Amino acid sequence: MPDTPAAATPRARVRVPLRFQDGYSVDAELVTFHGLTDGQEHVAVVLGEPAPGATPLVRLHSECLTGDVFGSARCDCGPQLREAVERIAGTGGVLLYLRQEGRGIGLYNKLDAYALQDQGLDTYEANAALGLPEDGRDYTAAAQMLRALGITSLDLLSNNPDKADQLRGLGIDVQDRVPTGVFTTPHNVRYLRAKVLQTQHTLPLADLTGLSGLTGLNVG
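All values derive from a computational prediction rather than experimental measurement.

Undergrad: Could you give an account of the overall build of the protein chain, naming the residues involved and the relevant values?
TA: When helices and strands are counted, the protein chain shows 8 helices and 9 strands. Per-residue burial over the protein chain gives 48% buried out of 220 residues. Residue pairs in contact within the protein chain that sit at least 24 positions apart in sequence constitute 63% of those at least 6 positions apart. With an accessible surface of roughly 10,500 Å², the protein chain has 52% of that area assigned to carbon and sulfur atoms.

Okay, structure coming up:
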């Protein structure tokens, strides 16, 4: 039987109009929580309204200061966040914004890993060289947040099979894993290829060769 994490409860709910640099806007409800197992200030972004009986679309989005805020081209986090908000708003669901910078290693360690990547290591090798896990994320708090929102069955917007596996192990019914788009820049193709080869992300390897401009190619 899967482990069931301790219950969390909603702490506060507030309506926030979201505005993105490309002009897209949507109203969201931000929810905070009591009782999250890791003590972090994770936030649920509730978007749209699922049709009666429809399965909500959910994304677990790990915080990325460099990508989400500063628009770093070394990862695809910012474009994934932007895409996820619009896709979830269109069908109804939730984006969980999780305080897991650098796949759980923190901002300073992530920047140290970037320096090693500049010397030729890939993203996973760089973490290992620093004595850190390749991916230190745990999604117990995410499962708590979903249950607190009354969500125990969902479609997961993610290329990462580990997210679905962990949620299922925590008793959440992941009915389908829906891939995100592919967002390449000249600076992140090697990073994206490493995710495919090392952790089996569902990104089409053949498409990760374009080195000009930012593209958003939907993966079927």
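From this point, things continue past the structure.
Undergrad: Give a description of the pattern of salt bridges that names residues and reports values.
TA: A pair can form between side chains of opposite charge whenever their charged atoms are brought close. According to the stated counting rule, one finds 8 salt bridges in the structure shown. R99 serves as the salt-bridge partner of E63, at 3.0 Å between the closest nitrogen and oxygen. Highlighted residues: E63 in the loop between β4 (57-62) and α1 (65-69) and R99 in the loop between β5 (93-98) and α3 (101-104), separated in sequence by 36 residues. For R99, a relative accessible area of 35% puts it in the partly exposed group. Residues R82 and E86 are paired through a salt bridge, measuring 2.8 Å at the closest nitrogen-oxygen approach. With a gap of 4 residues between them, R82 and E86 both fall in helix α2 (residues 77-91), about one helical turn apart. Among the residues examined, R82 registers a relative accessible area of 18% and is labelled buried.

Undergrad: Now, about the side chain of R59: what can you tell me, with residues and values included?
TA: Inspection of the secondary structure puts R59 in strand β4. We note that R59 is buried and unpaired, the nearest opposite charge coming from E83 at a distance of 6.7 Å. From its side chain, R59 meets the backbone oxygen of L157 in a polar contact 3.0 Å long. Not counting residues within four places of it along the chain, the set of residues in contact with R59 comprises Q80, A84, I88, V94, L95, L96, L157, S158, K163 and T180.

Undergrad: Report on the nonpolar core, specifying residues and quantitative values.
TA: A general feature of soluble globular proteins is that nonpolar side chains tend to end up buried together. Counting residues in each nonpolar core, the largest one holds 25 residues, and the members touching the most others are L60, L96, L146, L154 and L167. Elements with a minimum of two residues in this core: β2 (25-34), β4, β5, α6 (140-148), β6 (153-157) and α7 (161-169). Considering every element that reaches this core, the biggest residue donor is α6, with 6 residues. In this structure, L47, L81, I88 and L95 belong to the second largest nonpolar core, which totals 15 residues.

Undergrad: An account of the confidence of the model for the protein chain is requested, with residue identities and associated values reported.
TA: In this model, the protein chain carries an average pLDDT of 87, and 84% of its residues clear a pLDDT of 70 or more. The model gives residues 210-220 a pLDDT under 50, and that stretch makes 28 contacts with residues more than four places away or in other chains.

Undergrad: Summarise the pairing of β4; cite the residues concerned and give the values.
TA: Burial analysis of β4 places 6 of its 6 residues in the buried class, which makes it a mostly covered element. Covered by surrounding structure in β4 are L57, R59 and H61 together with V58, L60 and S62, the residues of both alternating faces. Pairing geometry for β4 and β6, over 2 bridges, is parallel. Within β6, the residue paired with V58 across the bridge is L156.

Undergrad: I'd like a description of the sheet that holds strand β7 (residues 173-178), backed by residues and values.
TA: Neighbouring strands of a sheet are bound in pairs by backbone hydrogen bonds; such pairs are parallel or else antiparallel. In space, the 7 strands of this open sheet follow the order β1-β2-β3-β5-β4-β6-β7, with mixed pairing throughout. Of all the strands in the sheet, just β1 (9-19) and β7 have a single pairing partner and so form its edges. For this sheet, the mean inter-axis angle between neighbouring strands, taken without regard to orientation, is 30°. In this structure, β6 lies alongside β7, joined through 5 bridges in parallel fashion. If you follow S153 over to β7, its bridge partner there is D173. In this fold α6 packs onto β1, β2, β3 (43-47), β4, β5 and β6, with an angle of close to 145° to the strand it touches most, β5.

Undergrad: An account of the packing of aromatic side chains is needed here, citing residue identities and associated values.
TA: Enumeration according to the criterion identifies 1 aromatic pair in this entry. Taking 6.1 Å as the distance between ring centres and 35° as the angle between the ring planes, the aromatic pair formed by F20 and Y24 counts as tilted. Among the residues examined, F20 registers a relative accessible area of 22% and is labelled partly exposed. For Y24, a relative accessible area of 17% translates into the label buried. Here R82 stacks its cationic end above the ring of F20, 5.6 Å away from the centre of that ring.

Reading the values: rules and limits
- Residues numbered from 1 in each chain as written.
- Predicted model: local features only at pLDDT ≥ 70, side-chain atom pairs only at ≥ 80, totals over all residues.
- Heavy atoms only, no water.
- Helix = DSSP H or I, 4+ residues; strand = E, 2+ residues; numbered from the N terminus.
- Buried < 20%, exposed > 50% of the residue type's maximum accessible area, 1.4 Å probe, protein only.
- Contact = heavy atoms within 4.5 Å.
- Areas by Shrake-Rupley, 256 points an atom, 1.4 Å probe, with all protein chains shown as cover.
- Salt bridge = Lys/Arg side-chain N within 4 Å of Asp/Glu carboxyl O.
- Lys, Arg positive; Asp, Glu negative; His and termini not counted.
- Polar contact = N/O pair within 3.5 Å; in protein donor to acceptor, adjacent residues only side chain to side chain.
- Core = buried A, V, L, I, M, F, W, Y, C linked by side-chain atoms within 4.5 Å.
- pLDDT = per-residue confidence, 0-100.
- Pairing = 2+ DSSP bridges.
- Axes fitted to C-alpha atoms, helices over the stretch in contact; angles between N-to-C directions.
- Phe/Tyr/Trp six-rings, centres within 6.5 Å; stacked < 30°, edge-to-face > 60°.
- Lys NZ or Arg CZ within 6 Å of the ring centre and 35° of its normal.

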